[in-house]
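Structural overview for review
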Amino acid sequence: MSTVLTLTRAHYEGALVQPPHAHDALQISMLLTGRVEETVGGTTHDAAPLHVAVKDAGLEHANRWAEGGTTLLRLEAPGKSLASLTGHPTAPTWRWRFDPTAIRAFLRLAASVNAEGVIGGDTDGSDLLAALVAEPRDTPSGTPPRWLTDVIERLVAEWTPRLDTGVIATWAHVHPVYLARCVRRWYGVAVGDLLRRERLRHTVQRLANSRERIAMVAHASGFADEAHCTRTVRDALGSPPAALRRQLRAPAPARSAMPKSVAPIQVSGHTAC
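Here the structure is a predicted model, which means the values were calculated and not measured.

1. What to know about the side chain of His-61
By the secondary structure assignment, His-61 is in strand S7 (residues 61–65). The class of His-61 is buried, set by a relative accessible area of 3%. Within the structure, His-61 has its side chain in polar contact with the backbone oxygen of Leu-59 (distance 3.0 Å). Residue contacts for His-61: discarding those within four places in its chain leaves Pro-19, Pro-20, His-21, Ala-22, His-23, Glu-38, Thr-39, Val-40 and Lys-55.

2. As for unusual backbone geometry
In this model, Leu-50 sits at a positive phi of 75 degrees, which is unusual for a non-glycine residue. Tracing the chain through its elements places Leu-50 in the loop between strand S5 (43–47) and strand S6 (52–55).

3. Points about the side chain of His-88
If you trace the backbone, His-88 turns up in the loop between helix H1 (82–86) and strand S9 (96–97). At a separation of 3.4 Å, a polar atom in the side chain of His-88 contacts the main-chain carbonyl oxygen of Val-133.

4. Considering the nonpolar core
As a rule of thumb, soluble globular proteins bury nonpolar side chains together. Counting 41 residues, the largest nonpolar core has Ile-28, Met-30, Leu-50 and Leu-244 as the members making the most contacts within it. In terms of residues, this core owes the most to one element, helix H2 (residues 100–111), which gives 7 residues. When neighbours within four sequence positions are excluded, Leu-50 is seen to be in contact with Met-30, Leu-31, Arg-97, Phe-98, Ile-103, Val-204, Leu-237, Leu-244 and Leu-248. If you look at the next biggest cluster of nonpolar residues, it comprises 17 residues, including Leu-155, Leu-163, Trp-171 and Ala-172.

5. Some thoughts on the pairing of S6
Here S6 shows two buried faces, one formed by Val-52 and Val-54 and the other by Ala-53 and Lys-55. When strand S3 (residues 25–33) meets S6, the two strands line up antiparallel, connected through 4 bridges. Looking at S6, one finds that Gln-27 is bridged to Lys-55. The sheet contact formed by S6 and S9 spans 2 bridges and is antiparallel. Residue pairing for S9: Ala-53 is matched across the bridge by Trp-96.

6. Quick word on the sheet that holds S7
Pairing within the open sheet is antiparallel, and its 4 strands lie in the order S2-S7-S4-S5. Of all the strands in the sheet, the pair left with one neighbour each is strand S2 (17–21) and S5. Averaged over neighbouring strand pairs, the angle between their axes works out to 15 degrees when direction is ignored. With 3 bridges connecting them, S2 and S7 associate as antiparallel partners. Residue pairing in the sheet places Val-17 in a bridge with Arg-64 of S7.

Calculation notes
- Residues numbered from 1 in each chain as written.
- Predicted model: local features only at pLDDT ≥ 70, side-chain atom pairs only at ≥ 80, totals over all residues.
- Heavy atoms only, no water.
- Helix = DSSP H or I, 4+ residues; strand = E, 2+ residues; numbered from the N terminus.
- Buried < 20%, exposed > 50% of the residue type's maximum accessible area, 1.4 Å probe, protein only.
- Polar contact = N/O pair within 3.5 Å; in protein donor to acceptor, adjacent residues only side chain to side chain.
- Contact = heavy atoms within 4.5 Å.
- Core = buried A, V, L, I, M, F, W, Y, C linked by side-chain atoms within 4.5 Å.
- Pairing = 2+ DSSP bridges.
- Axes fitted to C-alpha atoms, helices over the stretch in contact; angles between N-to-C directions.

Next up, the structure:
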C-alpha cells in the first residue's frame, strides 16, 4: 500500500493574516524565506528560514505572514496524520523546529524534482519522515528546572558569535561545569552543540534573507573564515552556502496565496523507527 505526498512551493504575500482554519491533509512544511507566526491552541511559534513543522489533517491554526512575503515548501497527504503515515504511535504533532537532519532530507527531496516535476534517483519521502519521528540517542529524563528552560530560551533569543558557556552560566548564576552537566542531563546534548546549532540557524537565515557576500555572512556568524562556514553548512545540510542560497531564493509564483502542485511522491508502506 502506498501514500501519495504532493510536493508544493507556496508564496504568501507580505503581512497576510489568516484567521483560524484547518486543512483536510497532513502538511509537512519548511520555510525558505521570510517568517511566519503560527498559532495552535493558544501557543504561537515564530518560524524562520529552514524551520520545519508538521500539522496533521484537521488541525486548526492561524497565521500571520511577515512583511516582504514568505516562501515555503510543503508536502501534503490527504486525510493523514504523521502517526498514521509512519506507523510511529508517538510521532510528534505541530511544532516548528530547526532540525538539520530533517532539513537536509527535505532539501534533498526538493532538489531531486526535475523540470517535468518528476522525483529523480532513489529519492522519496521516507528519509524525511524517518527524521521527523527519530528519537534522540541520549534521551533526557524528567522535567528541566525553570531556571534552565529560561536560560535556553534566552540563548536562542540573544545568540551572538561571542556567546559561550561562561556567559550563559553567569545568566543563570551557576558554575559553567554545573550548567554543562544540567544541559547534558535534561537536553541530551553539550552546551557547545546548542551554540553551534544556533550559529547554523543564524547563518541560514542571513543566507535566505540578505544578499550579503558569503564571506560577510561567515564573519557575522562567527566563523573563522568563509571556508569554515562552507564546510559547516555543507556537512550539516548537504549543500554549501552558495547552492543553499540559490535553492532558498528560487523564483516564487507571482502574487499567489495558494501553492501550485509540483510533484507527487509515492511513499510505500510505513516508516516506523
